[in-house]
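Chains, contacts and geometry: an overview
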Amino acid sequence: MKGSGYADLDDAALLVLIAGGDEQALAALYDRHGARAFSLALRILGDPETAEEVVLDVFWSIWQHAGAFMPERARFTTWLYAMVRNRAVDRLRRRRARPPEVPESVLEPREAAAVDPAVEAMAEAEELAQAIREAMASLPEAQRRVLELAYFRGWTHREIAEHLGEPLGTVKSRLHLALRKIHDWLAERGLLL
Amino acid sequence: MEMQHEVFEEELAAYVLGALPLEEAAAVAAHLAECPVCQKTVARYREAAAALAYGVPLRPPAPRLRARLMARVRRPARDGWRWLGMGVALVAVILGTLLLAPLVGSIRSPATPTVISLQGAEAAPEAEGYLIVEDGRGLLVTKGLAVPPEGQVYQLWFVDAVERRVSGGTFRTHPRPYGVYTVTVPLNLGAFVRVGVTLEPEGGSPRPTGPQVLRGSLR
């Protein structure tokens, strides 16, 4: 169905080919990560059309700047999802005119019918997905909420503090503890570098 | 140094998530530039933040998205300018000024750094930045500055009273909430009255040729 040769290559190798102008390598990278990139953008933005625009922008940017990625400094997915998240949040901030609704939890029930088997079959992605849900669930409610407001809503710590009626220092501290716990949780399971 | 870690440690998560106002982000960036320990922490937090993407329910996009991407890639593309315009419009944050000087001054070394606030110019009205000069070294912190089109870079300029310009070096922005770059500061900084950042061809130009994206006053 998809170019089998490309499926065997890791992300860094695909990026080298993309930097050389290989369209099929870009298609392979999209097939591997496009669904999760879209899901993240959709989770942040709430509407599929703008989420598609974000993913299109990001993969177009990868096409133009694949050579800028430095595999010795980060893994590709860190780079990719940071780009998706930041661009989605930027769009969200631009339409800030209306008051944001209270975000639902990241721990929504999974929609099994919508899952793309080709992506979900990737063992590492599935393991990481499971682990991140557990890690989020392990956070105290107050920490999880602050992390969600910052990550998915793109709120500044001041906006979060005002919204929750908490001191700024408390918000900073919770954000710090939450991200550190997420990191440690994943690192202990060998899911981070 | 240990004291500085304590001051900054709780800021690093907010920094990674783009949740700090620019003046605080600039103070963190200035510390990060010199602190390998905090650099490692930031790298770890970036990974953890990216991993949050995996906790989101998987919703595959419509097949047309892949088709649109591949159609765009196959088109002979020189629409970089349009792309830059879209990117430039990304961040809409207007900044309270002059908060950085006391903040940086209180946290960093006894040598007081000079902090120059930069505003977005015509080609990037929503961009903002700070130029921090300390002991003849310069650190440029930007927000809302789009990744330049292929083959182009940003270039920093120091302008004197008779409009002579000296380059402070070139840089490319990355798709991150803030950009942090070391720049070259003229030894006789006192002779200059303004700074500006323009878009230039790769490698930089002997004098500005492209649109201005940031500007600030040294007086």
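Our structure's up above, just so we're on the same page.
Residues numbered from 1 in each chain as written. Chains lettered and ligands numbered in written order. Predicted model: local features only at pLDDT ≥ 70, side-chain atom pairs only at ≥ 80, totals over all residues.

As for the overall build of chain A
Helix and strand counts for chain A come out as 10 helices and 0 strands. For chain A, the succession of helices and strands along the chain, N to C, is α-α-α-α-α-α-α-α-α-α. Among the 193 residues that make up chain A, the fraction classed as buried is 44%. Sequence-distant contacts in chain A: of pairs separated by 6 or more residues, those separated by 24 or more amount to 66%. (Helix = DSSP H or I, 4+ residues; strand = E, 2+ residues; numbered from the N terminus. Buried ≥ 20, exposed ≤ 12 C-beta atoms within 10 Å, placed from the backbone. Contact = placed C-beta atoms within 7 Å.)

Re the pairing of strand 1 (residues 114-120) of chain B
All names here are of chain B. In terms of residue burial, strand 1 counts as a mostly covered element, since 5 of its 7 residues are buried. Alignment of strand 1 against strand 2 (residues 128-134), held across 6 bridges, turns out to be antiparallel. Note on strand 2: the bridge partner recorded for V115 is I132. Sheet topology note: the strand 1/strand 8 (residues 212-217) ladder contains 2 bridges and is antiparallel. Note that in strand 8 the partner of Q119 across the bridge is R215. (Pairing = 2+ DSSP bridges.)

Let's talk about helix 2 (residues 11-19) of chain A
Residues L14, L15 and I18 of chain A constitute the buried set of helix 2 of chain A. Burial along helix 2 of chain A is one-sided: seen end-on, the buried residues are contained in an arc of 100°. (Arc of directions from axis to C-beta.)

A closer look at the interface of chain A and chain B
Counting residues at the interface gives 64 residues for chain A, matched by 46 residues for chain B. Of all the elements in the fold, those that place two or more residues in the side of chain A that touches chain B are helix 3 (23-45), helix 4 (48-65), helix 5 (76-94), helix 6 (117-120), helix 7 (123-138), helix 8 (141-151) and helix 10 (168-188) of chain A. It is helix 3 of chain A that contributes the most residues to the side of chain A that touches chain B, 12 residues altogether. Taken together, the residues of the side of chain A that touches chain B sort by class into 35 nonpolar, 14 polar and 15 charged. (Nonpolar A, V, L, I, M, F, W, Y, C, P; charged D, E, K, R; others polar.)

Focus on the environment of N86 of chain A
Checked against the element boundaries, N86 of chain A lands in helix 5. Looking at N86 of chain A, the number of C-beta atoms within 10 Å reads 21, which means it is buried. Residue contacts for N86 of chain A: discarding those within four places in its chain leaves G18, P175, R176 and P177 of chain B.

Here's the deal with the pairing of strand 3 (residues 137-143) of chain B
Residue and element names in this part refer to chain B. Summarising burial for strand 3: 6 of the 7 residues are buried, a large majority. Bridge count for strand 2 against strand 3 is 7 bridges, and the pairing is antiparallel. Counterpart to G129 in the pairing with strand 3 is T142. Pairing geometry for strand 3 and strand 6 (residues 178-184), over 7 bridges, is antiparallel.

Observations concerning the packing of helix 5 of chain A against helix 3 (residues 36-51) of chain B
Here helix 5 of chain A crosses helix 3 of chain B at 65°, and the two axes come no closer than 8 Å. On the basis of their axis angle, the class for helix 5 of chain A and helix 3 of chain B is roughly perpendicular. You can see that helix 5 of chain A and helix 3 of chain B cross each other, and the crossing is left-handed. Here T77, T78, Y81 and A82 of chain A of helix 5 of chain A lie close against helix 3 of chain B, whose contacting residues are R46, E47, A49 and A50 of chain B. Across the contact of helix 5 of chain A with helix 3 of chain B, the residue classes break down as 4 nonpolar, 2 polar and 2 charged. (Axes fitted to C-alpha atoms, helices over the stretch in contact; angles between N-to-C directions. Parallel < 35°, antiparallel > 145°, perpendicular 65-115°, else oblique. Left-handed = near helix turned anticlockwise from the far one by under 90°.)

Describing the environment of P211 of chain B
Residue and element names in this part refer to chain B. Within the element layout of this structure, P211 appears in the loop between strand 7 (192-201) and strand 8. On the neighbour-count criterion, P211 (15 C-beta atoms within 10 Å) is partly exposed. The residues contacting P211, other than those within four sequence positions of it, are E122, A123, T198 and L199.

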